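# A closer look at the structure
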Amino acid sequence: MTGLRSEWCEQTCAVCPAQELGPGQFDVVDRPGPEFAYNKDVGWRVAPSGTAVCVHPYRVGLPPGRYASAGEPLPVESARPAPTAAALELPTELVDLEGWLVAVLRNADPDGIFTAVARAERLAGERFDPRQVVAAMRRVLSVELANR
C-alpha cells in the first residue's frame, strides 16, 4: 500500500497528516490529547518525538498504531474502526470539533440520525461559536450523509 488514499482528503480532518502524507508516514492514536499537540507550523498534530499523528482512527480508516515512529506494518485489510467512547466526548478545542461530529454521526443508528444531529448542534453551540459549529456541521454532513 503506497501513496495517498484519495478518500482521505474528504473523510479526514483538514488538519490530519493524512491530507498530505501516505500510509505509514504518520502514527494513529485513539484520541486527541495534550501529548499530541496541534503544530501550526506543519498543519497537524505531532507526538513529542516530532512524528505526525492522526487522532481519529475511525476517520482515517486505520487502527491505532505506531506506523511511522516504530515501523509497525500497516494492516493488509481492516474494517474501519468504530468511534470509541472517548471520541464521543465533546472536545475542548475547536480543531477537534469535526472529528467529534463524525464520531457522533457514525455512532447514531439510521432512525436516530436527525436527533443525533440536533443534539450535537446544541451541545457544540454551548461550547463554541455557533457560526463555527454550523460551518463544521456543513462540512461533515456533506460527506457523512453521502456515505450512509
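Residues numbered from 1 in each chain as written. Predicted model: local features only at pLDDT ≥ 70, side-chain atom pairs only at ≥ 80, totals over all residues. Heavy atoms only, no water.

So, on to the nonpolar core. Within the largest apolar cluster, 21 residues are counted, with the highest numbers of intra-cluster contacts made by Leu-97, Trp-100, Leu-101 and Val-133. Sorting the residues of this core by element identifies α3 (97-107), α4 (113-127) and α5 (130-144) as the ones contributing at least two each. By residue number, the principal contributor to this core is α3, which donates seven residues. Membership of the second largest hydrophobic core comes to 14 residues, among which are Trp-8, Ala-18, Leu-21 and Leu-62. (Core = buried A, V, L, I, M, F, W, Y, C linked by side-chain atoms within 4.5 Å. Buried < 20%, exposed > 50% of the residue type's maximum accessible area, 1.4 Å probe, protein only. Helix = DSSP H or I, 4+ residues; strand = E, 2+ residues; numbered from the N terminus.)

Among the secondary structure elements, Asp-27 is positioned in strand β1 (residues 27-28). Despite its burial, Asp-27 pairs with no opposite charge, the nearest such side chain being Arg-66 at 4.8 Å. Apart from residues lying up to four places away in sequence, Asp-27 is in contact with Thr-51, Ala-52, Val-53, Cys-54, Gly-65, Arg-66, Tyr-67, Ala-68 and Ser-69. (Lys, Arg positive; Asp, Glu negative; His and termini not counted. Salt bridge = Lys/Arg side-chain N within 4 Å of Asp/Glu carboxyl O. Contact = heavy atoms within 4.5 Å.)

The next point concerns the sheet that holds strand β3 (residues 44-46). Spatially, β1-β4-β3-β2 is the arrangement adopted by the four strands of the open sheet, whose pairing is mixed. One side of each edge strand has no neighbouring strand; the edge strands of this open sheet are β1 and β2 (37-39). With three bridges connecting them, β2 and β3 associate as antiparallel partners. In the sheet register, Ala-37 faces β3, and the bridge partner there is Val-46. (Pairing = 2+ DSSP bridges.)

With their axes 9 Å apart at the nearest point, α4 and α5 run at an angle of 145 degrees to one another. Seen along the crossing, α4 lies across α5 with a hand that is right-handed. On α5, the residues that touch Val-117, Glu-121, Ala-124 and Gly-125 of α4 are Pro-130, Val-133, Val-134, Met-137 and Leu-141. (Axes fitted to C-alpha atoms, helices over the stretch in contact; angles between N-to-C directions. Left-handed = near helix turned anticlockwise from the far one by under 90°.)

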